[in-house]
Amino acid sequence: MNIGIVGTGYVGLVTGVCLSAIGHTVYCVDNDREKLKTLRKGIATIYEPGLQELMTKQIKKKKLFFCETIKEASKKSLVIFIAVGTPSKKNGDADLTYVENVARQIALSMDSYKLIVEKSTVPAATGRRIENTIKVNLPKKFKERGHNVPFDVASNPEFLREGSAIADFMNPDRVVIGVESKKAEELLKEIYKPLKTRIVVTNITSAEIIKHASNSFLATKISFANALSQICDKVGADILKVTEGMGYDKRIGPSFLNAGIGFGGSCFPKDVDAFIRLSEKSGYDFNLLKAVRLTNEEQKAAFVRLIEDKLWIIKGKKIGVLGLAFKPNTDDMRNAPSVDIITRLQAEGAKIKAYDPQAMDQAKKIFKGMTFCQNVYAVAKDSDCLVVLTEWDEFRQVDFKRLKNVMRQPMIFDGRNLYKNDHLDDLGFEYFGIGRGVV
Ligand code: UGA
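Sequence positions are assigned chain by chain, starting from 1 and proceeding in written order. In keeping with the predicted nature of the model, local features appear solely for residues at pLDDT of at least 70, side-chain atom pairs appear and are counted solely at 80 or more, and the whole-chain, interface and lining totals rest on all residues. Calculated side-chain values reflect all of the structure's heavy atoms, with hydrogen atoms and water omitted.

Explanation requested: the nonpolar core in the structure shown.
Within soluble globular proteins, side chains that are nonpolar tend to cluster in buried spots. By size, the foremost hydrophobic cluster in this structure holds 60 residues, and its most contacted members are Phe303, Ile319, Leu324 and Tyr419. Of all the elements, helix 13 (residues 287-311) adds the most residues to this core, at five residues. Grouping buried Ala, Val, Leu, Ile, Met, Phe, Trp, Tyr and Cys residues that are joined through side-chain atoms within 4.5 Å yields what is termed a nonpolar core. The cut-offs for exposure are 20% and 50% of the maximum accessible area for each residue type, with area from a 1.4 Å probe on protein chains only; residues under the lower value are buried, those over the upper are exposed, and the others partly exposed. Ile3, Ile22, Leu51 and Ala165 belong to the second-largest nonpolar core, a separate cluster that totals 40 residues. Strands here mean DSSP runs of E at least two residues long; helices mean DSSP runs of H or I at least four residues long; both are numbered from the N terminus.

Right under this line is the structure:
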């Protein structure tokens, strides 16, 4: 099937490349000229494991194209996915300016039946607004036909995780489609047929809520684990054993119970805000979710307090940071907990040295007065302590003896419980994890 993708951010690009890999011919478009230029040269504009290779392969097979305009992409496609950004406004609402603009442009260039699919995370009822925008902007010839509307709108929320997006796309737990016509349902089922997965069919609004609810529920699990970690530290329990003991219960499950320095990224913080706002607007005060957000902020503050407490005076201390990205296997710095934590330490006069395997280019745009190093040992050299903020695999392989020799003080604050099994106390380090009952 010929498919158009409008927006080539994380979601759009991965979806486009993967849809082409499962047999469709995909036409991607973006309004960022520089980005488009790079993509047209065959270069992926984001770091995502396996993406560049798959993209190169699909371009060679002539199954993946990058178009100059929405008009060009939509004329070639039967189904068009909208995957543009929906940033947060100051009040927490999702800003849907881009979505509206794209819907208008699709309408203006419509020459035959199209299925328009919202892929971006949007508030409930956006599907209806897209439908109205398209109706209002349709070329005259279609308007004159009155009842014979040449398009459908559908919702197909995204559940991909950065860092494992391709594997998530190819082996999804489920595909959710929100449709209002049989034709839309059949087209979307045909698109996803090669994945041989469970397809949940519902109306557009329910599909939109499934996305909000899934991300908010996962964020709730994380905040719950983080709240537990605070209690564990106070009473001398070990969060790792507590969550292990809980996770074996099939009704709870082990995933997303890793306590740490809080959730970040382009999705959870923004989506939790947006769901709180959506609930407020619909007349429900979502106190549970407000507490999830607060717990997340408090977790970062508590980690900084721990460092202050153990290091005593922060001013003038050299703090080595391992990991900056909001999670491993990505270069994404959006809402990374590292930003808040490092900014607070810098405000107290700490000298920060840092290393991240992928995110340093992005981080250089955010942090001022920080030294970027080429590896873990360069970070550790003369440092008063090391602070782990992202659990990259590369950090698991360190030579602790060498690390200890180059540090000024062998002290590690492990914000991700990365070294939970390494018995660093026995190796002569002062080691502080999250919720390990040692504070
Ligand atoms: C998240 C969802 O997991 C995807 O299903 C969804 O499609 C995506 O948002 C989206 O809406 O686009 P992502 O933001 O890529 O994916 O990353 P996650 O792996 O979910 O991690 C989010 C944050 O939670 C990270 O900062 C991570 O470090 C943190 N986290 C995750 C924890 O602190 N503990 C955990 O146990 C799990």
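What is the right way to look at the site of the ligand in this model?
Every one of the 19 residues lining the ligand counts as a neighbour, but Phe159, Leu160, Glu162, Lys211 and Asn215 are closest to it. Between the ligand and Lys211, the relevant distance is 2.6 Å, taken from an oxygen atom to a side-chain nitrogen or oxygen of the residue. Pairing of N or O atoms within 3.5 Å defines a polar contact, subject to two protein rules: one partner must be a possible hydrogen donor and the other a possible acceptor, and residues neighboring in sequence count only if both atoms are side-chain atoms. Interatomic distance of 3.0 Å between a backbone N/O atom of Phe326 and an oxygen atom of the ligand. Note on areas: these come from Shrake-Rupley sampling with a 1.4 Å probe, and a residue is covered only by the protein chains present in the view. In the complex, 91% of the free accessible area of the ligand, which totals 710 Å², lies under the protein chains. Secondary structure elements with two or more residues in the shell around the ligand: helix 10 (204-235) and helix 12 (268-281). Near is defined per residue: the residue qualifies when any heavy atom it owns lies within 4 Å of the molecule or strand.

Could you clarify how one ought to interpret the packing of helix 10 against helix 12 in this entry?
If you want to describe how two helices pack, look at the angle between their axes and the distance between the axes. Between helix 10 and helix 12, whose axes approach to 9 Å, the crossing angle comes to 115°. For the pair helix 10 and helix 12, the sense of crossing is left-handed. Residues Ile209, Lys211, His212, Ala213, Asn215, Ser216, Leu218, Ala219 and Ile222 of helix 10 pack against Phe268, Asp271, Val272, Ala274, Phe275 and Leu278 of helix 12. Note on geometry: axes are C-alpha line fits, over the in-contact stretch for helices, and angles between N-to-C directions span 0 to 180 degrees. Crossing handedness follows the turn of the near helix against the far one: under a right angle anticlockwise gives a left-handed crossing, and clockwise gives a right-handed one. Should any heavy atoms of two residues lie within 4.5 Å, those residues are considered in contact.

What is the right way to look at the side chain of Arg436 in this model?
Tracing the backbone shows Arg436 in the segment after strand 14 (430-432). The class for Arg436 is buried, based on a relative accessible area of 19%. Residues in contact with Arg436, not counting those within four places in the same chain, are Asp233, Ala237, Asp238, Ile239, Leu240, Asn417, Lys420 and Tyr431.

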